[in-house]
Amino acid sequence: MKGFTRRLLVRLGTGLIMVWVVATFTFFLVHALPGNPGDVQYEQYVTHGMAPEVARAKVAVTYGFTSHEPLMQQYTSYIWQLLHGNLGVSISYTGEPVLQVIRASLPWTLFPVLSGLVVSFTVGVAAGVVAAVRRSSRWGGLLSLSGSLVAGVPSFVLALLLGSLFHTLLQVLPFGDVSDVTLEPGFNGPYIGSVISHAVLPVATYALLSYGGWLLAMKSSVVSVLGDDFILASELRGITPLTRMRYIARNAILPLFTVLALSLGFMFGGSVLIEDIFDYPGLGNLLLKSIGARDYPLMGGAFLLITVAIVLANILAELLYSVIDPRVRR
């Protein structure tokens, strides 16, 4: 137990250092860009007749510091604001705190990406086991081919194909936004049904994009497990095919859990291309718009959220791996 606690504390400490490094890099990157955004905003305020003191105060509210301060003092103020959960105020969403803007978009990224990840992992792992065990049969070859084909299709191509087929040609699925704008948001049947129908295309795109990778990875892992001595020993003991399949899948799936945990972290960034094509207001779409609007506080907040999610996903992967595989604990 002491060893586990020590490893957990070390991981948490390393994660905090990584978050600090990313926050520091983001801060100095903004200042390295041509035209300091704080100075630009300050000059715009003054040009429109605002008093210099008021302009400096508004810039300080937006960024957590004023551009007239020394650089290290600005950096200290920025880190101090982060420690208090203040990510600044968005420029493109005038007057709204960055944390509030991100919180409003977060569910519309987690819902479709997590749904697509669960579907693709479940189906891909099951198909990968069958493709490996039955690799000399027709079904095994078809499954392997399907995984290779889907894994090679770019995300924007697949999104455009699904949108053109099911929205434009067949007209069976809606396109754009998270629900019908005429419905009252809330926990009612029509609104929930509309949310689900609008999420079908993004979820299907996420699932198909990840399916091929999970299938091929699981197939490779199962093939390597099939050559282990314990599989031969179990066959000699006369175990049933179902029990043999369970042994194979349980050992072959272990390497995939690390990738799954990292995927849970990366999903907080959403997919910029998919959300932009389907006009879905998730974090990926939000990040793209913030870049176009030069909304540096919003960009920094989004990057920081993704970093924290990936760090926590790494820690979760290590904890889960030690639970799933007792050999790691020993």
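To be clear, the structure that these remarks concern was listed above.
Residues numbered from 1 in each chain as written. Predicted model: local features only at pLDDT ≥ 70, side-chain atom pairs only at ≥ 80, totals over all residues. Heavy atoms only, no water.

Draft legend 1. Geometry of the overall build of the chain. Tallying secondary structure elements over the chain gives 16 helices and zero strands in all. Across the 330 residues in the chain, those meeting the buried criterion constitute 38%. Taking as baseline every contact in the chain between residues at least 6 positions apart, the subset at least 24 positions apart corresponds to 71%. About 18,200 Å² of surface is accessible on the chain, with carbon and sulfur atoms providing 69% of the total. (Helix = DSSP H or I, 4+ residues; strand = E, 2+ residues; numbered from the N terminus. Buried < 20%, exposed > 50% of the residue type's maximum accessible area, 1.4 Å probe, protein only. Contact = heavy atoms within 4.5 Å. Areas by Shrake-Rupley, 256 points an atom, 1.4 Å probe, with all protein chains shown as cover.)

Draft legend 2. Broad picture of the nonpolar core. Within the largest apolar cluster, 17 residues are counted, with the highest numbers of intra-cluster contacts made by Tyr78, Leu82, Leu87, Ile102, Leu286, Leu298 and Leu304. Mapped by element, the contributors of at least two residues to this core are helix H1 (2-32), helix H4 (71-83), helix H5 (98-105), helix H14 (283-292) and helix H15 (296-324). Every residue in contact with Leu87, bar those within four places of it in the chain, is listed here: Leu82, Val98, Leu99, Ile102, Pro297, Gly301 and Leu304. (Core = buried A, V, L, I, M, F, W, Y, C linked by side-chain atoms within 4.5 Å.)

Draft legend 3. A look at the side chain of Thr109. Inspection of the secondary structure assignment puts Thr109 in helix H6 (residues 107-133). Using a relative accessible area of 0% as the deciding quantity, one classes Thr109 as buried. Reaching out from Thr109, the side chain makes a polar contact with the backbone nitrogen of Leu283 at a distance of 2.6 Å. (Polar contact = N/O pair within 3.5 Å; in protein donor to acceptor, adjacent residues only side chain to side chain.)

Draft legend 4. How the structure looks around the packing of helix H7 (residues 138-151) against helix H9 (residues 189-226). Two elements in contact, H7 and H9, have axes separated by 8 Å at closest approach and are oriented at 130°. It follows that H7 is oblique to H9 by the angle criterion. Crossing of H7 against H9: the hand is left-handed. Across the interface between the two elements, Leu143, Ser144, Ser146, Gly147, Ser148, Val150 and Ala151 from H7 touch Leu208, Leu209, Tyr211, Gly212, Gly213, Leu215, Leu216 and Lys219 from H9. (Axes fitted to C-alpha atoms, helices over the stretch in contact; angles between N-to-C directions. Parallel < 35°, antiparallel > 145°, perpendicular 65-115°, else oblique. Left-handed = near helix turned anticlockwise from the far one by under 90°.)

Draft legend 5. A nonpolar patch on the surface, seen in detail. Taken together, the side chains of Phe111, Phe187, Ile192, Ile196 and Val200 define a hydrophobic patch exposed on the protein surface, amounting to about 520 Å² of accessible area. If you tally residues by element for the nonpolar patch, the top one is H9, at three residues. Inspection of the secondary structure assignment puts Ile192 in helix H9. (Patch = residues over 30% accessible without salt bridge, like charges linked within 9 Å, V, L, I, M, F, W, Y side chains within 5 Å. Salt bridge = Lys/Arg side-chain N within 4 Å of Asp/Glu carboxyl O.)

Draft legend 6. Examining the environment of Leu304 more closely. With respect to the helices and strands, the residue Leu304 is situated in helix H15. Through-space distance from the C-alpha of Leu304 to that of Trp20 is 9.2 Å; in sequence the pair is 284 residues apart. The residues touching Leu304, leaving out its near neighbours within four places in the chain, are Val19, Ala23, Leu82 and Leu87.

Draft legend 7. Fine view of unusual backbone geometry. Unusually for a residue other than glycine, Gln171 sits at a positive phi of about 55°. By the element assignment, Gln171 lies in the loop between helix H8 (155-169) and H9. The phi dihedral of Asp279 falls on the positive side, at around 50°, and the residue is not glycine. If you trace the backbone, Asp279 turns up in the loop between helix H13 (272-277) and H14. For Asp279, a relative accessible area of 44% corresponds to the partly exposed category.

Everything listed here is a matter of coordinates, which is why it stays silent on function.
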